[in-house]
Amino acid sequence: MLLTGDIGGTKTQLAIFSPEKGPHEAIIDRVYPSGQFANLEAIVQAFMAEVNLPIERAVFGVAGPVTNGQASITNLPWVIRESRLQEVLQVEAVTVINDLQAVAYAVPFLEPADLHTLNDGDVEPQGPIAIIAPGTGLGEAYLTWDGSHYRAYASEGGHADFGPTNELEMSLLRYMLRLYDHVSYEKVCSGLGIRNLYFFLKNTGYAPEPPWLAKQLLEASDATPLIVSAALNHEQQPCELAVAALQLFVSILGSEAGNLGLKLMASGGIYLGGGIPRRILPWLEHKYFMQAFLNKGRFSTVLIRFPVHVILNNNAALLGVACLGLDL
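Here we summarise the structure given alongside this text. (Residues numbered from 1 in each chain as written. Predicted model: local features only at pLDDT ≥ 70, side-chain atom pairs only at ≥ 80, totals over all residues. Heavy atoms only, no water.)

1. Details of the overall build of the protein
In terms of helices and strands, the protein carries 14 helices and 14 strands. Its C-alpha radius of gyration of 20 Å places the protein within 12% of the 20 Å reference for a compact globule of 328 residues. When its C-alpha atoms are laid out on the principal axes, the protein stretches across 60 × 50 × 40 Å. Taking all 328 residues of the protein together, the buried fraction comes to 52%. A sequence separation of at least 24 residues applies to 68% of the contacts in the protein between residues at least 6 apart. Within the structure as shown, the protein displays about 15100 Å² of accessible surface, and the carbon and sulfur contribution to it stands at 50%. With 20 positive and 32 negative side-chain charges, the protein shows a separation of 7 Å between the mean positions of the two kinds. (Helix = DSSP H or I, 4+ residues; strand = E, 2+ residues; numbered from the N terminus. Rg over C-alpha atoms; globule rule 2.2 N^0.38 Å. Buried < 20%, exposed > 50% of the residue type's maximum accessible area, 1.4 Å probe, protein only. Contact = heavy atoms within 4.5 Å. Areas by Shrake-Rupley, 256 points an atom, 1.4 Å probe, with all protein chains shown as cover. Lys, Arg positive; Asp, Glu negative; His and termini not counted. Charge placed at Lys NZ, Arg CZ, Asp CG, Glu CD.)

Rendered as structure tokens:
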């Protein structure tokens, strides 16, 4: 019996899997608001008291870098230690990995219904695989073949320097440098990034802000869902500012996905994870994403051969830790 967890700044999902049922079907799972608990141990104890099932080991995917069995959650004041969790759970082994590494472990086990293809490409069996996932932040990970199976690796590539590719993005970089000492891809290609793009366009006079959206944004604790909804609104005229922000976001995402593809020579495919790509799927099918993805000069002929997929399975990280914990 395996306890698994997908630990994020907003929510924590815990589940129990068994070898008999496999990684696609949890015996039981629960979702908890992360911010309402002092640490992961408190959530785990609440979950185990509720389910009252014996477990032998545990694997957790966490939203932050993991070093020597210890992790700090990017958007929470938590420190997670394997040794402490093992002590609390009284099990033989606890493993903590980065959440994007967990998604990477899931990729070889995804089914056709879990994917939406943006570029068919020509997949190379056992070729390197790249994962890029805009959500609260921007996660990146990759897989390489070791001769018998894929191994997944975490990356903090989302914090690399943002590189503009046109005049509008150059203006964006200059604007962002007035706000931040360092402008990473995460600052412009994530949930936070969508908000930054919207206010860049608004504050530089790209288009007027509609009063109804201004009122909603003033009252909202999180502007990103409102901006996305305003851009996708088909019942009334979409907000011009929100549409422009989403178009700019999609182009930047395409550009960075292409960067990652070239760095890894990801002939096994490039997978878009995280909550945002699923939400804006119609926009990813527009020309903006693939144009930016392929905008690499003479190496566009290399990138066009790489398959590009959107991961539709919103439990991919949990699937990944289950696959790892069940030794698949």
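2. A word on the sheet that holds strand β11 (residues 138–145)
Taken together, the 6 strands give an open sheet; going across it, the order is β9-β14-β13-β10-β11-β12, and neighbouring strands pair in mixed fashion. Because the sheet does not close on itself, it has two edges, and the strands there are β9 (115–119) and β12 (150–155). On average, each strand axis in the sheet is inclined to that of its neighbour by 25°, with strand direction left out of account. Summarising the sheet, strand β10 (residues 129–134) and β11 pair through 6 bridges and their orientation is antiparallel. Looking at β11, one finds that Ile131 is bridged to Ala141. Sitting on the sheet, helix α3 (residues 99–106) touches β10, β11, β12 and β14 (308–311), and the angle it makes with β11 is about 45°. (Pairing = 2+ DSSP bridges. Axes fitted to C-alpha atoms, helices over the stretch in contact; angles between N-to-C directions.)

3. Describing the environment of Asp120
Within the fold, Asp120 resides in the loop between β9 and β10. Taking relative accessible area as the criterion, Asp120 reaches 64% and is therefore assigned exposed. Asp120 sits 100 residues away from Glu20 along the chain, and the two C-alpha atoms are 34 Å apart.

4. Digging into the packing of aromatic side chains
Tallying each qualifying case throughout the model produces 9 aromatic pairs. Between Trp283 and Tyr288, the ring centres sit 6.0 Å apart and the planes meet at 25°, which makes this aromatic pair stacked. Here Phe289 and Phe293 contribute two aromatic rings whose centre-to-centre distance is 6.1 Å and whose plane-to-plane angle is 15°, an arrangement assigned as stacked. Of the two residues, Phe289 and Phe293 both sit in helix α12 (residues 287–294), 4 residues apart, roughly one turn of that helix. Taken as a pair, Phe289 and Phe293 share a single burial class, namely buried. Among the aromatic residues, those joined into a ring-pair cluster are Tyr32, Phe37 and Phe47. The positively charged end of Lys187 is found above the aromatic ring belonging to Tyr180, 4.9 Å away from the centroid. (Phe/Tyr/Trp six-rings, centres within 6.5 Å; stacked < 30°, edge-to-face > 60°. Lys NZ or Arg CZ within 6 Å of the ring centre and 35° of its normal.)

5. Section: the packing of helix α6 (residues 191–203) against helix α9 (residues 240–264)
Contact geometry for α6 and α9: axes closest at 9 Å, N-to-C directions at 125°. The angle between α6 and α9 places the two elements in the oblique class. Taken as a pair, α6 and α9 cross one another with a handedness that is right-handed. Note on element contacts: α9 touches α6 through Leu241, Ala242, Ala244, Ala245, Leu246, Leu248, Phe249 and Ile252, opposite Ile194, Leu197, Tyr198, Phe200, Leu201 and Lys202. In terms of residue class, the contact of α6 with α9 is made up of 13 nonpolar, no polar and 1 charged. (Parallel < 35°, antiparallel > 145°, perpendicular 65-115°, else oblique. Left-handed = near helix turned anticlockwise from the far one by under 90°. Nonpolar A, V, L, I, M, F, W, Y, C, P; charged D, E, K, R; others polar.)

6. Side note on α12
Turning to α12, its buried residues number three or more, namely Tyr288, Phe289, Met290, Ala292 and Phe293. Structurally, α12 contributes buried residues whose contacts are with β9, α9, β13 (269–272), α11 (281–284), α13 (300–303) and β14.

7. Section: the pattern of salt bridges
One pass over the structure, following the stated rule, counts 8 salt bridges. The shortest N-O distance in the salt bridge between Glu50 and Arg30 comes to 2.7 Å. Of this pair, Glu50 sits in helix α1 (residues 40–51) while Arg30 is found in strand β3 (residues 28–33), placing the two residues 20 residues apart along the sequence. Between Glu87 and Arg84 there is a salt bridge; the shortest N-O distance is 3.1 Å. Here Glu87 pairs with Arg84, and both are found in helix α2 (residues 82–89), just 3 residues apart, close to one helical turn. Take Glu87: its relative accessible area is 49%, and that puts it in the partly exposed class. (Salt bridge = Lys/Arg side-chain N within 4 Å of Asp/Glu carboxyl O.)

8. Some thoughts on the sheet that holds strand β2 (residues 11–17)
One open sheet accounts for 5 strands, arranged β3-β2-β1-β4-β8; its pairing is mixed. Where the open sheet ends on each side, the last strands, each with one partner, are β3 and β8 (93–98). Across the sheet, the mean angle separating the axes of adjacent strands is 15° when strand polarity is ignored. Bridge analysis of strand β4 (residues 57–62) against β8 gives 6 bridges, and the strand direction is parallel. By the bridge assignment for β8, Gly61 is matched with Ile97. Along the sheet, α3 contacts β1 (2–7), β4 and β8; its crossing angle with β8, the most-contacted strand, is approximately 95°.

9. Some details on the environment of Pro19
Among the structural elements, Pro19 can be located in the loop between β2 and β3. By relative accessible area, which is 58% here, Pro19 ends up exposed. On a C-alpha basis, the gap between Pro19 and Ala322 in space is 9.6 Å, while along the polypeptide they are 303 residues apart.

10. What about the side chain of Gln101?
With respect to the element layout, Gln101 can be found in helix α3. Setting aside anything within four residues of it in sequence, one finds Gln101 in contact with Ala141, Ala152, Tyr153 and Ala154.

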